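# Structural overview for review
Given next are the chains, with one letter for each unit.
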Amino acid sequence: MKSIKNQSGYALLVVLLMVVLFMGLAATFMAGSLSNAKQEQTIDTSNQAVASAEMGVKYFSTDFQHEIGIIKSQIIEMTQNRIKIIVDCFNDGDAACDEQSELTALEDQIDVDMRSEYITLVVAKVTELELLKDIQKTPFPGEDAQYAISGTTIIKQNAAEEDVDLPSTTDKFIKSLRVELDLSGESKGTKKYLKGIFTVEVPVTFLSTSESLTIETKTVEDEDLKYDDMFFESWPTKTCAALMAEMTTNPATVFTECLLGPNEKASDFVDYLLENDLDPKDYKIFTNNFEGNVCENSCNNMSLSGITVVVDSSATGLVKNSGNLNSFSSINLVVDGHLDPKNMNSLGKHGQSQTMVFRELTVTGNIEGGGLTNANLLILGKDYTETELAASTFEGDSRMDFQGNLTIGDNGRICFDLDRVDPDHVDKLARIATFAHDNTTGQIIYYTSDLTENRFYLTNSTGTVEDVERTQKYVSGFDKYTSFLSSCGIDVTNTTTEITDVPYPYILDPGFGLDVEY
């Protein structure tokens, strides 16, 4: 029998099977791609919702820090007003504030009240944030994305970060405020939630007593200090090198004054004190060669850890060739004569308070670069006779000549004797004095024997109109010499009835921490 081998049609069948196979594979790949695209779209939407919430945290944290700065300024102003009330009370001889214990109690009450007010203002700001609950903001213009506050909480914490409002917490002293801000971010119907946690430190105190310069006096009991008590008539004969040798042999040595010899350096003496755990603030060094003994090659960027340097009127090298005293800090200075530097920029910039006492001062350049901060400049005038001062026609001619720009910053004070200083220089000070910012704690303080007849006030730039607001805010006058000195950062020993320290508002930037919980 003959077999049939006709295979026509098999090729078509194979082609059809291949087509079906490839179409199935293509469908599988397309389904996977579509699934991945959908997943990526979902992730992108979720990420955008998280990004929106993060933008909310950034926006509200920045705004909250700004508000804390405003609160700080309000507290400084309120504290300054309270301190002025204490000073006025003392100067008026009020029995409620004529003892140091009474003054201390009043200062302590200011701290209590200002801490309470600070906390109240921060809590009020958090309450304002709560009013914004569920109000949506759009961080990305044109995008379907929003963020909103979903809740706020504030917790008053002690040093151990315990909630002081809980009955179980024994330490109720508030050290910080924990502000929890719940935020939602939304994008295309997807919501994500974040918690921003702001920690605001509450300062322990809003007052800082000025670090004082101790000046030896020859006061008689029940008498106020006089001008003549401010400068040293008796000088030590022991050199600083001899004193260091003596202290090395006998650590119990009680001498705290020495004379810098021709080749001795103030910095060497300070280094010796620090190496032996002694505080330079307790010591005085005397010199007839200020530049050689103290400044050496330059008076700029000098810092001697708070020691007191006394310079004689016959001293050589008082800032030779009208040099600079820029960044001259942590040095208390008593110059029994005329100092005439070019510039005195950035005084007190290292934060330690310093006091400089002069008979006369001429600054041919500027006092700026951050201004006079944490420093007291006292210009007490030349030594006139009692007869000269008592004359009705007497006018002082002592130099207090600020020839360039003058900026007064926080805890910076210009203090002068209105009765002794050249009136033209007083008028110039009234015209050119500027303050670093509206809430600066800097001041201009003056002494006069008659506050009724003699008064200093700030004016406009031409000197024709009194600036009443600035005068009330920044100027204080005294007719008691000891009160004048105390207000200018000088602690005078052996007094019996006068105020020893007048604190001024001083607040560090409160710590501000931010954490985010996802």
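Each value, and the rule that gives it
Residues numbered from 1 in each chain as written. Predicted model: local features only at pLDDT ≥ 70, side-chain atom pairs only at ≥ 80, totals over all residues. Heavy atoms only, no water. Phe/Tyr/Trp six-rings, centres within 6.5 Å; stacked < 30°, edge-to-face > 60°. Helix = DSSP H or I, 4+ residues; strand = E, 2+ residues; numbered from the N terminus. Buried < 20%, exposed > 50% of the residue type's maximum accessible area, 1.4 Å probe, protein only. Pairing = 2+ DSSP bridges. Arc of directions from axis to C-beta. Contact = heavy atoms within 4.5 Å. Polar contact = N/O pair within 3.5 Å; in protein donor to acceptor, adjacent residues only side chain to side chain. Axes fitted to C-alpha atoms, helices over the stretch in contact; angles between N-to-C directions. Disulfide = S-S within 2.5 Å.

Using the criterion set out here, one finds 12 aromatic pairs in the structure. Ring geometry for Tyr-446 against Phe-456: centres 6.0 Å apart, planes inclined by 65°, an arrangement best described as edge-to-face. Remark: Phe-456 occurs in the loop between β17 (443-447) and α8 (468-474) and Tyr-446 occurs in strand β17; sequence separation between them is 10 residues. The pair Tyr-446 / Phe-456 is uniform in exposure class, with both members buried.

Moving on, we get to the pairing of strand β2 (residues 176-187). The side chains of a regular strand alternate, residue by residue, between the two faces of the sheet. Most of β2 sits inside the fold, with 10 of its 12 residues counted as buried. The pairing of β2 with strand β3 (residues 190-201) spans 12 bridges and is antiparallel. Directly across from Gly-185, in β3, lies its bridge partner Lys-192. Here β2 hands over to β3 after 2 residues, with Lys-188 in that stretch at a positive phi of 50°.

We now examine helix α7 (residues 423-432). Among the residues of α7, those classed as buried are His-425, Val-426, Leu-429 and Ala-430. In a view along the axis of α7, the buried residues occupy a sector of 145°, so they form one face of it. Those residues of α7 that are buried are in contact with β13 (400-402), β14 (406-408), β15 (412-417), β16 (433-435), β17 and α8. For α7, the side-chain oxygen to backbone nitrogen distance between the N-cap and Asp-424 is 2.9 Å, and the N-cap itself is Asp-422.

Let us look at the sheet that holds β16. An order of β11-β14-β16 is seen for the 3 strands of this open sheet, with the pairing classed as parallel. Two strands bound the open sheet, and with one partner strand each, they are β11 (367-372) and β16. Sheet twist, expressed as the average angle between the axes of neighbouring strands with direction ignored, equals 45°. One ladder, built from 2 bridges, connects β11 with β14; its direction is parallel. By the bridge assignment, Ile-367 is partnered in β14 with Leu-406.

Below, the discussion takes up the state of the cysteines. Inspection of every chain in the model, using the stated rule, returns 3 disulfides. Each sulfur of the disulfide joining Cys-295 and Cys-299 lies 2.0 Å from the other. Its S-S torsion of about 105° marks the bond between Cys-295 and Cys-299 as right-handed, since a negative value means left-handed. Comparing Cys-295 with Cys-299, the two get one shared label, buried. The disulfide that involves Cys-415 links it to Cys-488, with 2.2 Å between the sulfurs. Taking the torsion about the S-S bond as the criterion, the Cys-415 to Cys-488 disulfide, at about -110°, is left-handed.

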